[in-house]
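An overview of the molecular structure
What follows is each chain in one-letter form.
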Amino acid sequence: MEKERGSKLMIYDSENIFAKILRGEIACDKVYEDDFALAFNDINPQAPIHILVIPKGDYVSMADFTASAPAELIAGFFRAVGHVARALELEQPGYRILANSGANAHQEVPHLHIHIFGGKKLGPMLVR
Ligand code: AMP
């Protein structure tokens with residue numbers, strides 16, 4: 001599926017693994033779900049708590065999502081991220097959220113996802 005984004009053409013690969021999870025074709029270890037978002041444990045956790053939150057829609061990246069998604073979905077998606085952080089009582093002692101976009105950030109799955117890391121002291125923001 002191809003979607004016009006103003007002057008830019010964003011390609012959404014509807015066969016990406018998170019699209020398959022959203023369609024129920026592949027199982028996930030679900031943490032939370034509502035009308036706007038699905039949260040599940042990362043299959044290869046990088047911290048004691050490592051959860052992915054994905055919007056329910058065909059969006060490649062944060063730039064794509066914020067340019068094209070309806071306001072209700074944008075609000076609902078970010079509320080879901082906050083809900084997961086509260087539900088897991090991560091606000092104290094703290095946690096990190098991260099979204100990789102594109103090759104320089106090593107985005108592996110071309111469906112917008114926010115990583116939530118927690119459960120230990122996470123160290124400096126970036127590995128140098
Ligand atoms: P990114 O590099 O930001 O695109 O991150 C993709 C993440 O998706 C990685 O942390 C993977 O471990 C994770 N991942 C890939 N496939 C699955 C899956 N089937 N279920 C859960 N997490 C997955």
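Please refer to the structure higher up on the page.
First things first, this report covers the structure right here in the doc. (Residues numbered from 1 in each chain as written. Predicted model: local features only at pLDDT ≥ 70, side-chain atom pairs only at ≥ 80, totals over all residues. Heavy atoms only, no water.)

What to know about the pattern of salt bridges
Put simply, the rule is: Salt bridges are defined by distance alone: a side-chain nitrogen of Lys or Arg within 4 Å of a carboxyl oxygen of Asp or Glu. Burial classes: relative accessible area under 20% of the type maximum marks a residue as buried, over 50% as exposed, and values in between as partly exposed (1.4 Å probe, protein chains only).
Summed over all chains, the structure comprises five salt bridges. Among the salt bridges present, the one from arginine 23 reaches glutamate 15, with a minimum N-O distance of 3.6 Å. You can call arginine 23 partly exposed: its relative accessible area is 42%. The partly exposed category is assigned to glutamate 15, whose relative accessible area is 46%. Overlapping salt bridges, with partners in common, bring together Glu15, Lys20, Arg23 and Glu25 in one network.

Overview of the environment of isoleucine 51
Put simply, the rule reads: Numbering of helices and strands runs from the N terminus; a helix is a DSSP stretch of H or I covering at least four residues, while a strand is a stretch of E covering at least two. Whether two residues are in contact is decided by their heavy atoms, any of which lying within 4.5 Å being enough.
Summarising the element assignment, isoleucine 51 is placed in strand E5 (residues 49–55). On a C-alpha basis, the gap between isoleucine 51 and histidine 115 in space is 5.7 Å, while along the polypeptide they are 64 residues apart. Ignoring any residue separated from it by four or fewer positions in sequence, one finds isoleucine 51 in contact with Val31, Ala39, Phe40, Asn41, Asp42, Val84, Leu88, Ile114, His115 and Ile116.

Regarding the nonpolar core
The cut-off we apply is this: Only buried Ala, Val, Leu, Ile, Met, Phe, Trp, Tyr and Cys residues count toward a nonpolar core, and they belong to the same one when joined by side-chain atoms within 4.5 Å.
Among the nonpolar cores identified, the biggest contains 16 residues, and Ile51, Val53, Phe65, Phe77, Val81 and Ile116 are the most heavily contacted of them. Only strand E4 (37–41), E5, helix H3 (71–87) and strand E7 (114–118) provide two or more residues apiece to this core. Broken down by element, the residue count for this core peaks at five residues, all from H3. In this structure, Phe18, Ile21, Leu52 and Val109 belong to the second largest nonpolar core, which totals seven residues.

Here we look at the site of the ligand
Rules: Proximity criterion: a residue is near a molecule or strand once any of its heavy atoms comes within 4 Å of it. N or O atoms within 3.5 Å of each other form a polar contact, as long as, within protein, one can give a hydrogen and the other can take it, and as long as residues adjacent in sequence are counted only when both atoms are side-chain atoms. Method for areas: the Shrake-Rupley scheme with a 1.4 Å probe, in which residue coverage is limited to the protein chains shown. Only protein atoms enter the 1 Å grid used here. Points where a 1.4 Å probe fits but cannot escape make up a cavity, open sets with protein on both sides within 12 Å along at least five of seven lines make up a pocket, and a residue lines them when an atom lies within 4 Å of a point. For a molecule to be placed in a cavity or pocket, more than half of its atoms must lie within 2 Å of the grid points of that cavity or pocket.
The local shell around the ligand holds 17 residues, among which Asp42, Asn100, Glu108, His113 and His115 are the closest. Note that an oxygen atom of the ligand is positioned 3.0 Å from one of the backbone N or O atoms of valine 109. A distance of 2.8 Å is found between an oxygen atom of the ligand and a side-chain nitrogen or oxygen belonging to histidine 113. Protein burial of the ligand: of its 510 Å² of free accessible surface, 87% is covered by the chains. Taken atom by atom, the bulk of the ligand overlaps the largest pocket. For the shell around the ligand, the elements supplying multiple residues, two or more each, are helix H1 (17–22), E4 and E5. If one sorts the elements of the shell around the ligand by residue count, H1 sits on top with three residues.

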